[in-house]
Amino acid sequence: MGKKTPKVKNVAEQRKYKERYQILRRQVKHQVFMNAALSDEVTHMESQFMLLKNERKFLLKKLFKHLPMTESQCLESTKALNALESSHPGQIPHSILSSVQPTVSPAKKGNNAVSESPATSSKKHQQQQDPSSANKPKRKKPGSVKKKVQPLHMNDENVPFFPITIGTLTVHDLGEILSDKAGFHSERYLWPVGFCSTRLYPSMVDPDRKILYFCYIKDGGNEPLFEIIAEDQPDQPISASTATACHCIVLKRLNKARGKETTNTGSGPEFFGFSHPTIQYLIQCLTGADQCEKYVRSAFEFSPITATSTSSNMIREGNLPNMKAFDRTNLELPNIQSI
């Protein structure tokens, strides 16, 4: 009986120590997790501190850059920053201290200094706010650049032969200028009613095949009506109040047929052909063009007369066309139904 008592005590002590061990193990595990969480929090706070420090540095630079200071103000600011540097060593970046420089007034720069006008200073400030605006190309004014006219063959009355073919563009009729309607011309273009052209272009049904597109300028009342008819879709005309709107619809349907979702910006004047220098010059020479108040006449240049060109009647320098004799009644316009 005396030998059984120590065994019972040993078992009880082992159980007691085991429970304490389990408790200590749980506490150590909890402390490890707490230490990891605190370490992550410290790392996050350090990153936030560095971010705020960089933001403060950036804002101080902006402040000293856009707020002109005199020498005394600059000296006071420098002393204040130096005091902060001495009280908080290593926390004030040296780049901030070096950026504080006195602003010299224009009078101290010398007698040759010229003060900027308010318009010039505001323009420079706008360029500083938006640097891309300084590199943005300016749109040239109408008539400021000379355009070259191709040497077309003409008849005995110095009227070009129709149709006029230039690359994939064929102009069948220049139309008639309505000078009494302000909506039929702008600063850059004249939109004569009856203008008719065709262009070879990829099909909106089968983009791998090129077809003819018939382009018309019609009378829409107070403004022109632009219309495009595809050769393989004669019953689906595309009409809009601008030529570019018509061309954008063509591009949208063409991209859809190609399986593309991208949208392209069209150029209606180029697609119709009335922006081509040769065609634009001939339209500018039509009767009534001089009476269009908003239109700015473009400048054109012509090929010089050579020894080989004197044998044929062509548009050249010194041999310009006589569009006053242009007669539309004898023109043969294309019929989309017969193609």
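Rules used in this analysis
Residues numbered from 1 in each chain as written. Predicted model: local features only at pLDDT ≥ 70, side-chain atom pairs only at ≥ 80, totals over all residues. Heavy atoms only, no water. Helix = DSSP H or I, 4+ residues; strand = E, 2+ residues; numbered from the N terminus. Buried < 20%, exposed > 50% of the residue type's maximum accessible area, 1.4 Å probe, protein only. Areas by Shrake-Rupley, 256 points an atom, 1.4 Å probe, with all protein chains shown as cover. Core = buried A, V, L, I, M, F, W, Y, C linked by side-chain atoms within 4.5 Å. Contact = heavy atoms within 4.5 Å. Expected span 1.5 Å × (residues − 1). Polar contact = N/O pair within 3.5 Å; in protein donor to acceptor, adjacent residues only side chain to side chain. Pairing = 2+ DSSP bridges. Axes fitted to C-alpha atoms, helices over the stretch in contact; angles between N-to-C directions. Salt bridge = Lys/Arg side-chain N within 4 Å of Asp/Glu carboxyl O. Phe/Tyr/Trp six-rings, centres within 6.5 Å; stacked < 30°, edge-to-face > 60°.

### Some remarks on the overall build of the protein chain
Within the protein chain one finds eight helices and eight strands. Counting across all 339 residues of the protein chain, residues that qualify as buried make up 29%. For the protein chain, the accessible area works out to roughly 23,100 Å², and carbon and sulfur atoms hold 54% of it.

### Digging into the nonpolar core
The biggest cluster of nonpolar side chains holds 47 residues, and the ones touching the most others in it are Leu174, Phe195, Tyr213, Ile228, Phe272, Phe274 and Ile283. Among the elements that take part in this core, helix α6 (residues 243-257) stands out by supplying five residues, more than any other. Non-local contacts of Phe274, meaning those with residues more than four positions away in its chain, are made with Tyr189, Trp191, Phe195, Ile217, Phe226, Ala243, Pro269, Ile279, Gln280 and Ile283. In this structure, Phe214, Tyr216, Ile229 and Ile336 belong to the second largest nonpolar core, which totals five residues.

### Some points on helix α8 (residues 277-284)
Across the eight residues of α8, seven count as buried, placing the element largely inside the fold. Buried residues of α8: Thr278, Ile279, Gln280, Tyr281, Leu282, Ile283 and Gln284, and no others. Packing partners of the buried residues in α8 comprise β1 (147-148), β2 (164-166), β3 (169-173) and β8 (300-301).

### With respect to α6
With 15 residues, α6 ought to run about 21 Å at 1.5 Å a step, and its terminal C-alpha atoms sit 22 Å apart, in line with that. Those residues of α6 that sit buried are Ala243, Cys246, His247, Val250, Leu251, Leu254 and Asn255. Structurally, α6 contributes buried residues whose contacts are with β4 (196-202), β5 (210-219), β6 (224-230), β7 (233-240) and α7 (268-272). Downstream of α6 by one or two residues, Gly259 has phi in the positive range, about 80°.

### Notes on the environment of Ser203
One can find Ser203 in the loop between β4 and β5. As a C-alpha pair, Ser203 and Tyr213 span 10 residues in sequence and 8.8 Å in three-dimensional space. Those residues within four positions of Ser203 in sequence are excluded, and the remaining contacts are Arg209, Ile211, Tyr213, Asp232 and Leu254. Among the polar contacts made by the side chain of Ser203, one reaches the main-chain amide nitrogen of Val205 at a distance of 3.0 Å. Of note is the side chain of Ser203, whose polar atom sits 2.4 Å from the side chain of Asp232.

### Brief notes about the sheet that holds β5
To summarise the sheet geometry, strands pair through backbone hydrogen bonds and adopt either a parallel or an antiparallel arrangement. Ordered in space as β2-β3-β4-β5-β6-β7, the six strands form an open sheet in which the pairing is antiparallel. With one partner strand each, in any of the chains shown, β2 and β7 form the two edges of the open sheet. Each strand of the sheet is rotated relative to its neighbour by a mean of 25°, with strand direction disregarded. Here β6 runs beside β7; their pairing, made up of four bridges, is antiparallel. When the sheet's bridge partners are listed, Glu227 is paired in β7 with Ser239. Strands β4, β5, β6 and β7 of the sheet are contacted by α6, whose axis makes an angle of about 130° with β7.

### Notes on the pattern of salt bridges
Applying the stated criterion across every chain, the model contains five salt bridges. Here Asp173 and Arg328 are joined by a salt bridge, their closest N and O atoms 2.9 Å apart. Here the residue Asp173 occupies a position in strand β3, and Arg328 occupies one in the segment after β8, the gap between them amounting to 155 residues. Classification of Asp173 by relative accessible area gives buried; the value is 2%. A salt bridge links Lys181 to Asp219; the nearest nitrogen and oxygen atoms lie 3.5 Å apart. Linking Lys181 in the loop between β3 and β4 with Asp219 in strand β5, this pair joins segments that are 38 residues apart in sequence. What makes Lys181 partly exposed here is its relative accessible area of 26%.

### Focus: the packing of aromatic side chains
Evaluated as defined, the whole model comprises 12 aromatic pairs. Relative to Phe300, the ring of Tyr281 lies with its centre 5.2 Å away and its plane at 65°, an arrangement referred to as edge-to-face. One end of the pair, Tyr281, is in helix α8; the other, Phe300, is in strand β8, with 19 residues separating them in the sequence. The pair formed by Tyr281 and Phe300 is uniform in burial state, with each residue classed as buried. Through pairs of rings, three or more aromatic residues link up here, namely Tyr189, Trp191, Phe195, Phe226, Phe272 and Phe274.

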